[in-house]
Amino acid sequence: MSWFTWLFTMWPPSAPSLLLVGLVGRQLGLRVGLQVVQTVTCSQWGTPSDQGLFQDGDVVIGGLFSLHYNPPAIDHDYTELPHYESCTGLENLPLQYIYAMMFALEEINHSTTLLPGVKLGYHIRDSCALHPWAMQAALSMVGGDSTSCYSAAPPDYSTGYRGEIRQRKGGQSVPLIIGGASSIAAKILCRILGPLSVPLVSYTSSCPCLSDRRQFPNFFRTIPSDIYQARAIAQIAIQFNWTWIGAVVANNDYGHVAVKVFQEETRGKGVCLAFVETLQRQNIVNDARRSALTIQASTARVILIFSWYTDVRELFLQLAKINVTDRQFLASEAWSTSGNLLQNLVTSKVASGVLGVAIRSSPIPGFESYLRSLHPSNHPDDGFLREFWEKEFGCTPGATPLSSYASSSPVRANRLLQKVSLPPCNGTESLRGVQNLFTDTSQLRVTYNVYLAVYAAAHALHSLLSCPDKESPPGNNSSTCSFPKHIKHIELLQHLNDLNFTTPQGERLYFEGADIPAKYDLVNWQSTPEGPLKLVLVGRVDGFDLRLNETAIQWSTGSNQVPMSVCSESCPPGTRKAERKGEPLCCFDCIPCADGEISNKTGSLHCELCPSEFWSNDEQTACVPRQLDFLSFNETLGITLTTVAVSGAAVTTVVFVVFLCYRQTPMVRANNSELSFLLLLSLKLCFLCSLVFIGRPAVWSCRFQQAAFGISFVLCVSCLQVKTIVVLAAFRSARPGAEALMKWFGPRQQRGSVCLFTCIQVIICIIWLSLSPPVPQADLDIPGLKVTLKCAMPSVVGFSLVLGYIGLLACTCLLLAFLARKLPDNFNEAKLITFSMLIFCAVWVAFVPAYISSPGKYTVAVEIFAILASSYGLLFCIFAPKCFIILLRPEKNTKKYLMSR
């Protein structure tokens, strides 16, 4: 027998019934064919009294709950129509939900402001967590119940069914249903009730798919969408810098959507999933064992679990077996408040420190007293309360005659008779001292959602039924309001969409499409001396606002220290992340920043380049001002060069004094003593000008040093060139007919020549220093903490002309001296000039590449060295032999010796 045939056999074929059956078939893609005989007898599978609670009212609100978890055995007695078989395994918490609905309805019925003059009733059914039963119950509530129908003629569906319909208690149709204990059940019910525009207000269906108003326009819920709890958990992971997280999720939309949202929220925030394991309820033991081994092998210390509490219980048992007790678990609302897990001593070591998102809790004043005052004697028709009483106290509250089972099938009657009879209750039993999930009102979560759903329905009805003239007949078009007996589903649906009211707890409630504003509690499982874990509220979530009291959290380690869960330790300041090829972004290496670059925060992706005036410190964590570096008098190199320069000047002075004292001797007078003294003066200036290059560069020193250097050396080389010319002229004048040659190279001409050659250099220096003088400037192009302060030359043309002119004079002097090197005199000064100019030219030819390639302050040192080397070369090559003869060989200091061949 197909479920659709079964559904039709249990449904009385009234006109509304046939319409609903046709809608169901159309929604499920079935081709429905009805054959009705002339005399039709139809009966319902079970009776309303067996299946639920009923209370008449002007408006009856439907309630659909999953109170039992054990479905019945199927009765295959085909001799008669199938009958309803009761489920077993009554659960305490869902039982609390139906009494929250009844309590809220009683509050509303006693209210003078909400629906005054309108009494609300209820029609509550148990779906036993079976989707076909949920459909049957929903259609029964919407279409109204009837026990039998008779017809003496074939029905005419074009004009409506003409059979007699006998309604009984509970037969009034409901305009709205509070139910849908799961997202799957809610989707099925919405698709069936959607064509009739019957609103469904769910208290636990949290699938984000139900927010689609195009598919589910009649759906509302008082629990937030799962998107928001996944976002909240993502915010927690980001807040505690957990970048390496494992995930264990249910192998359905609940788990897969949660992982997807979590990854979207953490994208770009440095959070990675180390693994994603799935749990299938049909294979839960193997899946839980596999997931436990993955958790054990992974380096992730924080594990996110989106699954039902029964799956989590099996996972924790598997983890306890392999002694994995150091993981920090993040819980979804499906198991974060599970009393079964909290009280389980076997898994307490594994579950200690759980941090989870829970459905927000809120007190309901007077509800606990209401629950504890319940008694079967006050609710004789309440089969659910009777069943709870029997389970709780082990006695039967009043006798149940066998005749009450007469309407049951024989199979069911036999099963009931086989049950062991419980002793009758003595009447003293009371819920006042009972402590269980049913009587616990300390944290009302789903119960509060049911309470809100009832108030949402009542306010929508209040808005729909409110009108200025309630006495107008139903058909009066002038009336703009509805009446309790003529409520249209589509109108009630519109009023639910526009709902905005304040609850008795002072909370604003409104629907944004199908959803209410997201609110959650953040809970923590903390150890107790007694053994079981306790649930502690540590924060709240309101929309995207997360408020968490970190100091109140007890972590899995048993302390207040936040656990670490990273694939790679965060890169400290001074380093940057470098991705590992083929691994997630959260797994990386830390590479030190290069010189001149810094990273001043933990986990930097890139190193930042310091400005040109700054450089990185030794740790590469900050840019510090670059230290000015120059050749100073205090450092070793500066002291050495200064000593050499001063020594050279001192030696030149000594030679000058020696020549002055022996100025009348032939050795001094041999080659124009005046030029010799001028040469010694210029050499002394050359030694002293090198001192201007040492010390902190300033505007005056930058301009003076190059000019002093250029003029001093031109003066020196000019003297040597004139001396060489004089030697050549003297030799030529000794030939017959060349006596007049020396008149062109007399003392005045010699002085004039030196002055002319020197003035040309002076003019070059004046033009250069006027147009583009050297200025003190830090050489920022050279890397390093120390930056060289040097005399920068905006234009190298001037400096090139200075050096070029010196080189021109030196080359000319070298050429002339080379030509005069073999003159017949015993003491030929041309030889000395030749050697001195060779040294001079060699030094300055080597100077150019060394100067260009030397870094920083060593550029200045190279130039000073060239000045000193060339100066010493001239001093010793020209004057050392003369001083040797003057001081140590005075017998050779005669005209005869000098003129001998």
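Thresholds applied
- Residues numbered from 1 in each chain as written.
- Predicted model: local features only at pLDDT ≥ 70, side-chain atom pairs only at ≥ 80, totals over all residues.
- Heavy atoms only, no water.
- Helix = DSSP H or I, 4+ residues; strand = E, 2+ residues; numbered from the N terminus.
- Contact = heavy atoms within 4.5 Å.
- Areas by Shrake-Rupley, 256 points an atom, 1.4 Å probe, with all protein chains shown as cover.
- Pairing = 2+ DSSP bridges.
- Axes fitted to C-alpha atoms, helices over the stretch in contact; angles between N-to-C directions.
- Expected span 1.5 Å × (residues − 1).
- Buried < 20%, exposed > 50% of the residue type's maximum accessible area, 1.4 Å probe, protein only.
- Bend = angle between axes of the 7 residues up to and from the residue.
- Phe/Tyr/Trp six-rings, centres within 6.5 Å; stacked < 30°, edge-to-face > 60°.
- Lys NZ or Arg CZ within 6 Å of the ring centre and 35° of its normal.
- Core = buried A, V, L, I, M, F, W, Y, C linked by side-chain atoms within 4.5 Å.
- pLDDT = per-residue confidence, 0-100.
- Disulfide = S-S within 2.5 Å.

**Some details on the overall build of the protein**
Along the backbone of the protein there are 26 helices and 29 strands. Sequence-distant contacts in the protein: of pairs separated by 6 or more residues, those separated by 24 or more amount to 72%. In the form shown here, the protein has an accessible surface area of approximately 41,400 Å², with 58% of it arising from carbon and sulfur atoms.

**Focus on unusual backbone geometry**
Notably, Ala129 is not glycine yet its phi reads approximately 60 degrees, a positive angle. Turning to its location among the elements, Ala129 is positioned in the loop between β5 (120–126) and α5 (131–143). Positive phi values are uncommon outside glycine, yet Ser197 reaches one of about 60 degrees. Mapped onto the secondary structure, Ser197 falls in the loop between α6 (183–193) and β9 (200–202).

**Details of the sheet that holds strand β12 (residues 272–279)**
Spatially, β12-β11-β13-β14-β15-β18-β19-β20 is the arrangement adopted by the eight strands of the open sheet, whose pairing is mixed. A single partner strand is all that each edge strand has here, and the edge strands are β12 and β20 (545–548). Averaged over neighbouring strand pairs, the angle between their axes works out to 25 degrees when direction is ignored. Note that strand β11 (residues 244–250) and β12 share seven bridges and pair parallel. Its bridge partner lying in β12, Trp244 is registered against Cys272.

**A closer look at helix α22 (residues 747–771)**
Compared with an ideal rise of 1.5 Å per residue, which puts 25 residues at 36 Å, α22 spans 36 Å between its outermost C-alpha atoms and is within 8% of the ideal. Taken together, the buried positions of α22 are Gln750, Val754, Phe757, Thr758, Gln761, Ile764, Cys765, Trp768 and Leu769.

**A word on helix α24 (residues 829–853)**
Compared with an ideal rise of 1.5 Å per residue, which puts 25 residues at 36 Å, α24 spans 37 Å between its outermost C-alpha atoms and is within 8% of the ideal. Helix geometry: α24 is bent most strongly at Phe847, by close to 30 degrees, with proline Pro849 lying one to four residues after it.

**Re the packing of aromatic side chains**
Scanning the entire structure with this criterion turns up 31 aromatic pairs. Note on Phe316 and Phe329: the rings are 5.0 Å apart at their centroids and 55 degrees apart in plane angle, and the pair reads as tilted. Of this pair, Phe316 sits in helix α10 (residues 309–321) while Phe329 sits in strand β14 (residues 328–331), placing them 13 residues apart in sequence. Each member of the pair Phe316 and Phe329 is classed as buried. Where Phe388 meets Phe438, the ring centres are 4.7 Å apart and the plane angle is 45 degrees; that geometry is what we call tilted. You can see Phe388 sitting in helix α14 (residues 383–393) and its partner Phe438 sitting in the loop between α15 (410–418) and α16 (446–465), a full 50 residues away along the chain. By relative accessible area, which is 0% here, Phe388 ends up buried. Taking relative accessible area as the criterion, Phe438 reaches 0% and is therefore assigned buried. One aromatic cluster in this structure is built from Phe709, Phe713, Phe840, Trp844 and Phe847. Here the guanidinium or amino end of Arg213 rests over the ring plane of Phe220, the centre of that ring lying 4.9 Å away. Directly above the aromatic system of Tyr228 lies the positively charged group of Arg231, at a separation of 5.6 Å from the ring centroid.

**Observations regarding the nonpolar core**
Residues Phe659, Met837, Phe840, Trp844 and Phe879 are the most contacted members of the largest nonpolar core, which totals 70 residues. Of all the secondary-structure elements, those providing two or more residues to this core are α18 (636–661), α19 (666–669), α20 (673–689), α21 (699–733), α22, α23 (796–819), α24 and α25 (858–888). Residue contributions to this core peak at 15 residues, all from α25. Among all residues touching Trp844, those that are not within four sequence positions of it are Phe709, Phe713, Leu803, Ala866, Ile867 and Ser870. In terms of nonpolar packing, the next biggest core, distinct from the first, is built from 69 residues, Leu67, Leu95, Trp389 and Val446 among them.

**A closer look at the sheet that holds β9**
Whether parallel or antiparallel, the strands of a sheet pair through hydrogen bonds between backbone atoms. Judged by pairing direction, the sheet is mixed, and its six strands sit side by side in the order β1-β5-β2-β8-β9-β10 without closing on themselves. On the outer flanks of this sheet lie β1 (52–55) and β10 (219–221), each paired with one strand and no other. Pairing analysis gives seven bridges linking strand β2 (residues 59–65) to β5, with the strands arranged parallel. From the neighbouring strand, Val60 faces β5, where its bridge partner is Gly121. Docked against the sheet, α16 engages β2, β5, β8 (177–178) and β9, running at close to 155 degrees with respect to β2.

**Topic: the confidence of the model for the protein**
Across the protein, pLDDT averages 82, with 82% of residues at or above 70. Segment residues 1–50 is flagged for pLDDT under 50; beyond a separation of four residues in sequence, or across chains, it makes 102 contacts in the model. Throughout residues 75–83 the model reports pLDDT below 50, and contacts reaching past four residues in sequence, or to other chains, amount to 17 contacts.

**Concerning the side chain of Ser298**
Tracing the chain through its elements places Ser298 in the loop between α9 (284–297) and β13 (302–306). Ser298 gets classed as buried once you look at its relative accessible area, which sits at 14%. Ser298 has contacts with Trp244, Ala274, Phe275 and Arg327, leaving out every residue within four places of it along the chain.

**Side note on the state of the cysteines**
Scanning the entire structure with this criterion turns up eight disulfides. One disulfide in the model links Cys272 with Cys586; its S-S distance is 2.1 Å. Handedness here is read from the sign of the S-S torsion; for Cys272 and Cys586, about 90 degrees, the answer is right-handed. Of this pair, Cys272 sits in strand β12 while Cys586 sits in the loop between β21 (575–579) and β22 (588–592), placing them 314 residues apart in sequence. In this model Cys571 forms its disulfide with Cys590; the gap between the sulfur atoms is 2.1 Å. On the S-S bond that ties Cys571 to Cys590, the torsion sits near -95 degrees, and the link is left-handed. Of this pair, Cys571 sits in the loop between β20 and β21 while Cys590 sits in strand β22, and the two are 19 residues apart along the sequence. Residue classification places Cys571 among the buried residues on the basis of a relative accessible area of 0%. For Cys590, a relative accessible area of 33% corresponds to the partly exposed category. Lacking any disulfide linkage, Cys755 is separated from the closest cysteine sulfur, that of Cys759, by 3.8 Å.

**Remarks on the pairing of β13**
Burial of β13 is extensive: five of the five residues sit out of reach of the surface. Burial along β13 is two-sided: the face carrying Val302, Leu304 and Phe306 and the face carrying Ile303 and Ile305 are both buried. Two strands pair when backbone bridges link them, and β11 and β13 are joined in this way by five bridges, in the parallel orientation. Of the residues in β13, the one forming a bridge with Val249 is Phe306.

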